[in-house]
Amino acid sequence: MSLRNLKELTIIAKEAFSKTFLVAKSLCFLHVINTHVFTVASLYGPSMLPTFNLTGDWALAERFSHKLGKVGAGDIVILKSPVEPRKIMTKRVMGVEGDSVTYVVEPKNSDRTETIVVPKGHIWVEGDNIYNSKDSRNFGAVPYGLLRGKMLWKVSLFS
């Protein structure tokens, strides 16, 4: 192998390493942004009707306000399901720790209500479609640690 070919291979190897390093840095940057700043979520299911469609909605959620305690009643949040940990849910916050929340126990069968005080370190979440939502009425208050983000922006593909 000649010296000229070796120099050409060295230049190609340096350029390939440089491009690979740039791609690796970009992927690390995207991972940090997705984990700690913003995330994109695909929304589907009937629990948040009419706020979100059954399918086709996308949402941008920020991931820092819940860490700063800036989530309150009325906010729409993304959280891990306390029943199925691999499932991510979108629900509306009805109360934070110390709030009294009155809810309909079985909306399909009766108008009976109960009032609960949300325990410390928890939030009370419900779907907007109370007739078809698995939420805090089924599994109780949700630990604050299961929150994954607060909804910022919704995109409806099929309006």
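Note that this is a predicted model, so its numbers are computed, not measured. Starting afresh in each chain, residues are numbered from 1 along the sequence in its written order. Two thresholds apply to this predicted model, a pLDDT of at least 70 for residue-level local features and 80 or more for giving and counting side-chain atom pairs, whereas whole-chain, interface and lining totals are computed over all residues. To get the side-chain values, take all heavy atoms of the structure and skip hydrogens and water.

Description of the UniProt feature "transmembrane region" (unreviewed entry) in the protein
Moving on, step 1. UniProt positions are given in the numbering used here, feature names are shortened, and annotations may be inferred rather than shown by experiment. Under the UniProt annotation, "transmembrane region" (unreviewed entry) lies at residues 21-44.
Moving on, step 2. Helix and strand assignments come from DSSP, with helices taken as H or I runs of at least 4 residues and strands as E runs of at least 2, each series counted from the N terminus. Between the end C-alpha atoms of residues 21-44 the distance is 37 Å, and the span holds 67% helix and 25% strand.

A closer look at the packing of aromatic side chains
Moving on, step 1. Pairing of aromatic side chains requires ring centres within 6.5 Å, counting the rings of Phe and Tyr and the six-membered ring of Trp. Pairs whose planes differ by under 30 degrees are stacked, by over 60 edge-to-face, and all others tilted. One pass over the structure, following the stated rule, counts 3 aromatic pairs.
Moving on, step 2. With centroids separated by 6.2 Å and ring planes inclined at 15°, the aromatic side chains of Phe17 and Phe21 adopt a geometry described as stacked. Of the two residues, Phe17 and Phe21 both sit in helix α1 (residues 3-36), 4 residues apart, roughly one turn of that helix.
Moving on, step 3. The exposed category is assigned to Phe17, whose relative accessible area is 61%. Each residue gets one of three labels from its accessible area relative to the maximum for its type: buried under 20%, exposed over 50%, partly exposed in between, using a 1.4 Å probe on protein chains only.

Some thoughts on the sheet that holds strand β1 (residues 38-43)
Moving on, step 1. In this scheme, strands are said to pair when DSSP sees at least two bridges between them. Read from one edge of the open sheet, 7 strands run β1-β2-β9-β3-β4-β7-β8, paired in antiparallel fashion. Each of the sheet's edge strands pairs with one partner strand only, and the pair in question is β1 and β8 (142-143).
Moving on, step 2. Alignment of strand β3 (residues 76-80) against strand β9 (residues 147-156), held across 3 bridges, turns out to be antiparallel. Opposite Val77, over in β9, you have Lys150 as the bridge partner.

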